[in-house]
Amino acid sequence: MSAAEVHMALAGRRQREGRRVVLALGGLVALVFCLVFLTLSCGRGCLAPADLMAALLGHEDAPGFIVNDLRLPRAALSLVTGLCFGLGGVAFQVMLRNPLASPDIIGISASAGAAAVFAIVILSFDGWVVSAVAVVSGLVVVVMIWALSSRRGAAGARLILIGIGVSAMLDSVTAYVLLEAPAWDRAEAMRWLTGSVNGAQMGQVWPVLGALVVFGGLLAAVSRDLDILRLGDDAAQALGVRADGTRLRVTVAAVGLVAFATSAAGPISFVAFLSGPIAARVMGPSRGLLPAAGLIGAVLVLAGDYVGQFMLPYRLPVGVVTGAVGAPFLLYLIVRTNRNGGTI
Amino acid sequence: MNVMAKARQLTAQELSAGYDRRTILEDVSLEVPAGKITAIVGGNACGKSTLLRTLARILQPKGGSVLLDGKAVHQMPSRAVAQVMGLLPQSPIAPEGITVSDLVGRGRHPHQGLFSRWSAADDRAVEAALEATGTRAFAERELDTLSGGQRQRVWIAMALAQETDVLLLDEPTTFLDVAHQIEVLDLLVDMNLARGTTVVMVLHDLNLAVRYADHLVALADGRIHSEGAPEAVLTEDMVRAVFGLECRIQRDPISGGPSMVPIGRHKSQLA
Ligand SMILES: Nc1ncnc2c1ncn2[C@@H]1O[C@H](COP(=O)(O)OP(=O)(O)O)[C@@H](O)[C@H]1O
Ligand SMILES: [Mg+2]
């Protein structure tokens, strides 16, 4: 190939890449939009789009209560928590170069969940304070896992095994607190054990949306450095990326996202874990992995919730549905990783 | 290679460095000749990588300093250093499924701002790097599908795309067959001649180090044993002290310089 041909080939490829990223992300946004629409308009029966619009606009004769007070908060909570879990999950997976190192496998979701339950049930906190407690507890667990697996960034099997152990311990804390709870409520318990958007209210949505803006923004700001960090610490630092600083910011952002989402909807099983690998399949090695994973997270929660509500013989919370999808994939990854130590 | 390198003064002053409480490098003072090729040789685990990592601002020294044009690199912002000095580490990691041109493009990172888009200068640098390393033909292939030698040239292309005035390379020829070793070293000389890039490389093959370097540094146990013109540094005493190996020095019929022939316990005709 001549220089000019190479130039054309590279420029052409970048254009195609760019188009591909836009197309894939556009497709995912459209899918999310369809699922939101589905959640808003369909329950046992479906509303006509005109009736849905009328209800959203607050017309007198429209089914306003069902749409605005039941379904809209549910769709909104599914959307924002899905985005948070997807983004937080993929950030950890990329940073630690291991799909098993997602926050819901290594105990961060579990710790945020346990802290949130403790804060709500025992301390009677609510709102932002619960989320803040969850964030702090998530960070504490990260530091603990880091220390126990003797630091040095990379995601050895050690870090993951320790994380799984910590996760199991914290899940039992959650179960214990729920048993001790004065008003035993099965729905509430399911929320904290597997994650659920049942009975969602707009009041739960706003803190998560805030977290999405703040921590998602932080993640976006470090995403290029995070991408360079995949070349290894030395190569990244030689390219002007501060490895520890980048890891710290990614960790804070991801824990913030996961903890806020968890304190609103519980640790919706495996959404953080599944989103990144699915997004990697959708996007290929091109850019746009982070936003794609966020959108996949939203798709998983919205679709999982719809399936759990209306497409199974029993009504199940979303976390049970996503858990049923995620568990086999976890097994598959463990088998595959044992063979070749795969990356995301 | 259209952009000429500036001659940069890279010096280490009484440098000591290590990991945790363990000190590896002790009292290393070094002046890297600007615009020349310097080779660092020494036994396994004597601190060659540690020295390169400290020079490249990756490792914080325990004592002493590294100066780039008189400024302490460990006080400079990492991006500013990365625009002037690059390092190809001993074992970089390739993200799964990445294509050659994508990987080479990563070398442009220190020249790009948070929001700045890919520029024409980035394009030119990547194309020049592909051209110089002879990797143009597989620019669109995935890195995983290439041979070891091709892959190493791609990593070097990434370092070239960074367009730094100083380039540090940690064992760029290890794992390559002899033909590819020569190819990589020739490529580094090409670049040094064409751009005036200052090159510092760790090499395992003493004879190739002597042949290709303008300046040779022999490191033993974290200290500089000797340094200077390769003809002066490569002596039987140096090889004995640094590698614990007996040898004869003879003339390299190709370069006309010295060359080392090792003496083992077997297969020797010496009396
Ligand atoms: N990241 C690290 N943490 C702790 N010790 C290290 C690290 N890297 C290297 N070392 C130790 O420092 C010594 C020198 O290593 P290195 O500079 O890599 O040697 P060389 O490159 O000359 O083979 C070795 O004993 C090695 O075990
Ligand atoms: Mg080394």
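As the structure is a prediction and not an experimental result, all values here were calculated from the model. In every chain, residue numbers begin from 1 and rise along the written sequence. All chains are assigned letters beginning with A, and all ligands numbers beginning with 1, in the order in which they are written. Side-chain atom pairs in this predicted model are given and counted only at pLDDT of 80 or more, local residue features only at pLDDT of at least 70, and totals for whole chains, interfaces and linings cover all residues. Computation of side-chain values: all heavy atoms of the structure, hydrogens and water removed.

J.: Even after reading the chapter, I still don't get the nonpolar core, so can you show me in this structure?
T.: Across soluble globular proteins, nonpolar side chains have a tendency to be buried as a group. In terms of nonpolar packing, the biggest core is built from 90 residues, with A:Leu77, A:Phe92, A:Leu96, A:Ile106, A:Leu219 and A:Phe273 touching the most fellow members. By definition in these notes, contact holds between two residues if any of their heavy atoms fall within 4.5 Å. The contact partners of A:Leu219, leaving out residues within four places of it in the chain, are A:Leu87, A:Ala91, A:Val250, A:Ala253, A:Leu257 and A:Leu290. Throughout this description, the term nonpolar core refers to a set of buried Ala, Val, Leu, Ile, Met, Phe, Trp, Tyr and Cys residues connected via side-chain atoms within 4.5 Å. Think of it in three bands: residues with accessible area under 20% of the maximum for their type are buried, residues over 50% are exposed, and the middle band is partly exposed, with areas taken using a 1.4 Å probe on protein chains only. By size, the runner-up hydrophobic cluster in this structure holds 60 residues, among which are A:Ala243, B:Leu88, B:Leu187 and B:Val210.

J.: Even after reading the chapter, I still don't get unusual backbone geometry, so can you show me in this structure?
T.: Backbone geometry follows two general trends: most residues other than glycine have a negative phi, and most peptide bonds adopt the trans configuration. Residues and elements named next belong to chain B. Within the chain, Glu-163 stands out as a residue other than glycine whose phi angle is a positive 50°. Tracing the sequence through the fold places Glu-163 in the loop between helix H5 (148–161) and strand E7 (166–170). In the Ramachandran plot, Asp-221 falls in the positive-phi region, its phi being about 55° despite a non-glycine side chain. The way it works is that DSSP assigns letters per residue, a run of H or I at least four long becomes a helix, a run of E at least two long becomes a strand, and they are numbered from the N terminus. Mapped onto the elements, Asp-221 comes out in the loop between strand E9 (215–220) and strand E10 (223–228). Look at Asp-221 and you get exposed, because its relative accessible area is 68%.

J.: What should I look at first to understand the state of the cysteines in this one?
T.: Note: disulfide means a covalent bond formed between the sulfur atoms of two cysteine side chains. Residues and elements named next belong to chain A. The rule for a disulfide is simple: a pair of cysteine sulfur atoms within 2.5 Å. As enumerated under the stated definition, the model contains one disulfide over all chains in all. Note on cysteine connectivity: Cys-42 is disulfide-linked to Cys-46, with sulfurs 1.9 Å apart. Because the torsion about its S-S bond is 110°, the bridge between Cys-42 and Cys-46 counts as right-handed. For Cys-46, a relative accessible area of 54% translates into the label exposed. In this structure Cys-34 is not part of a disulfide, and its nearest cysteine sulfur, from Cys-42, lies 12 Å away. On the accessibility criterion, Cys-34 (47% relative accessible area) is partly exposed.

J.: Please explain the site of ligand 1 as it appears in this structure.
T.: Residues and elements named next belong to chain B. Being near a molecule or strand, for a residue, comes down to having at least one heavy atom within 4 Å of it. Around ligand 1, the neighbouring residues are Tyr-19, Arg-22, Ile-24, Gly-43, Asn-44, Ala-45, Cys-46, Gly-47, Lys-48, Ser-49 and Thr-50. Here a polar contact means two N or O atoms within 3.5 Å. Within protein one must be a hydrogen donor candidate and the other an acceptor candidate, and residues neighboring in sequence count only if both atoms are side-chain atoms. Arg-22 places a polar side-chain atom, nitrogen or oxygen, 2.8 Å from an oxygen atom of ligand 1. At 2.8 Å from an oxygen atom of ligand 1 is found a main-chain nitrogen or oxygen belonging to Ala-45. Areas reported as accessible are Shrake-Rupley estimates using a 1.4 Å probe. Residue values count occlusion only from the protein chains shown. Within the complex, 64% of the 560 Å² of free accessible area of ligand 1 lies under protein.

J.: Sorry if this is basic, but what is going on with the packing of helix H6 (residues 157–180) of chain A against helix H7 (residues 186–194) of chain A here?
T.: Relative placement of two packed helices is described by the angle separating their axes and the distance separating the axes. Residue and element names in this part refer to chain A. Viewed as axis vectors pointing N to C, H6 and H7 meet at an angle of 170°, and their least axial separation amounts to 10 Å. Between H6 and H7, the crossing angle belongs to the class labelled roughly antiparallel. Contacts from Thr-174, Ala-175 and Leu-178 in H6 reach Ala-189, Trp-192 and Leu-193 in H7. Angles shown run from 0 to 180 degrees and are taken between the N-to-C directions of axes, each axis being a line fitted to C-alpha atoms and, for helices, limited to the stretch in contact. The cut-offs work like this: below 35 degrees is roughly parallel, past 145 is roughly antiparallel, 65 to 115 is roughly perpendicular, and the gaps in between are oblique.

J.: Before we go on, may I ask you to explain the interface of chain B and chain A in this structure?
T.: How big an interface is tends to be stated in terms of the accessible area lost upon association of its parts. Taken together, the contacts link 38 residues of chain B with 32 residues of chain A. Here the quantity called buried area is the total loss of accessible area, with a 1.4 Å probe, experienced by two parts when brought into contact, counted for both. In terms of surface lost to chain A, no three residues of chain B exceed B:Arg106, B:His109 and B:Arg136, which account for 22% of the buried area on that side. Salt-bridge detection follows one rule: a side-chain nitrogen of Lys or Arg within 4 Å of a carboxyl oxygen of Asp or Glu. At the boundary of chain B and chain A, one finds five salt bridges. Note that A:Arg13 is salt-bridged to B:Glu140, the shortest N-O span being 4.0 Å. Across the chain B-chain A interface, the total number found is 10 residue pairs in polar contact (both at pLDDT 80 or more). The set of elements that each furnish at least two residues to the side of chain B that touches chain A consists of helix H2 (78–82), strand E6 (85–88), helix H3 (100–106), helix H4 (120–132) and H5 of chain B. Along the lines of polarity and charge, the residues of the side of chain B that touches chain A split into 19 nonpolar, 10 polar and nine charged. Each residue receives one of three labels: charged for Asp, Glu, Lys and Arg, nonpolar for Ala, Val, Leu, Ile, Met, Phe, Trp, Tyr, Cys and Pro, and polar for the others, Gly being one of them.

J.: How do you make sense of the confidence of the model for chain A when you look at a structure like this?
T.: When pLDDT is low, close inspection of the predicted coordinates is not appropriate. Confidence of the predictor in every single residue is expressed as pLDDT, which spans 0 to 100. Here chain A averages 88 in pLDDT, and 94% of its residues register 70 or above. The secondary-structure element of chain A with the lowest mean pLDDT is H7(A), recorded at 78, while helix H12 (residues 289–310) of chain A shows the highest, at 96.

J.: Where do I start with the packing of helix H2 (residues 49–56) of chain A against helix H3 (residues 64–95) of chain A in this structure?
T.: Residues and elements named next belong to chain A. In the contact formed by H2 and H3, the axes pass within 8 Å of each other and the chain directions differ by 75°. Taken as axis vectors, H2 and H3 run roughly perpendicular relative to one another. Here Leu-52, Ala-55 and Leu-56 of H2 lie close against H3, whose contacting residues are Gly-64, Val-67, Asn-68 and Leu-72. Here the residues of the contact of H2 with H3 sort into five nonpolar, two polar and no charged.

J.: Could you clarify how one ought to interpret the pairing of E6(B) in this entry?
T.: Residues and elements named next belong to chain B. Alternating residues of E6 divide into Met-85 and Leu-87 and Gly-86 and Leu-88, and every residue in both groups is buried. Whether two strands pair depends on DSSP finding at least two bridges between them. In the sheet, E6 pairs with E7 via four bridges, with the strands oriented parallel. Along E7, the bridge assignment pairs Met-85 with Val-166.

J.: Any chance you could explain the packing of aromatic side chains here in plain terms?
T.: Two numbers describe a pair of aromatic rings. These are the distance of the centres and the angle of the planes. All names here are of chain A. What counts as a ring pair is set by centres within 6.5 Å for rings of Phe, Tyr and Trp (its six-membered ring), and what kind of pair is set by the plane angle: stacked under 30 degrees, edge-to-face over 60, tilted for all other angles. In total, this model carries six aromatic pairs over all chains according to the counting rule given. Here Phe-215 and Phe-260 contribute two aromatic rings whose centre-to-centre distance is 6.0 Å and whose plane-to-plane angle is 45°, an arrangement assigned as tilted. Pair noted here: Phe-215 is in helix H8 (residues 202–229) and Phe-260 is in helix H10 (residues 243–265), with a separation of 45 residues, a long-range link. When sorted by exposure, Phe-215 lands in the same class as Phe-260, which is buried. Ring plane angle 55° and centroid distance 5.2 Å describe the contact between Tyr-306 and Phe-310, whose orientation is recorded as tilted. Of this pair, Tyr-306 and Phe-310 both sit in helix H12, four residues apart, which is roughly one turn of that helix. Each member of the aromatic cluster is reached from another via a ring pair, and the members are Phe-270, Phe-273, Phe-329 and Tyr-332.

J.: Hey, could you run me through the coordination of the magnesium ion (ligand 2) in this one?
T.: When four donors bind a metal tetrahedrally, each ideal donor-metal-donor angle is 109.5 degrees, and when six bind octahedrally, the ideal angles are 90 or 180 degrees. Residues and elements named next belong to chain B. Distances from the magnesium ion (ligand 2) to its protein donors, namely Ser-49 (OG) and Gln-90 (OE1), fall within the range 2.0 to 2.4 Å. Separated by 41 residues along the polypeptide, Ser-49 in helix H1 (residues 48–55) and Gln-90 in the loop between E6 and H3 bring together distant segments of the chain. On the basis of relative accessibility, which here comes to 40%, the residue Gln-90 falls in the partly exposed class. Think of the donor list as every N, O and S atom within 2.8 Å of the metal, or within 3.2 Å for Na, K and Ca; water never makes the list, so a site can look incomplete.

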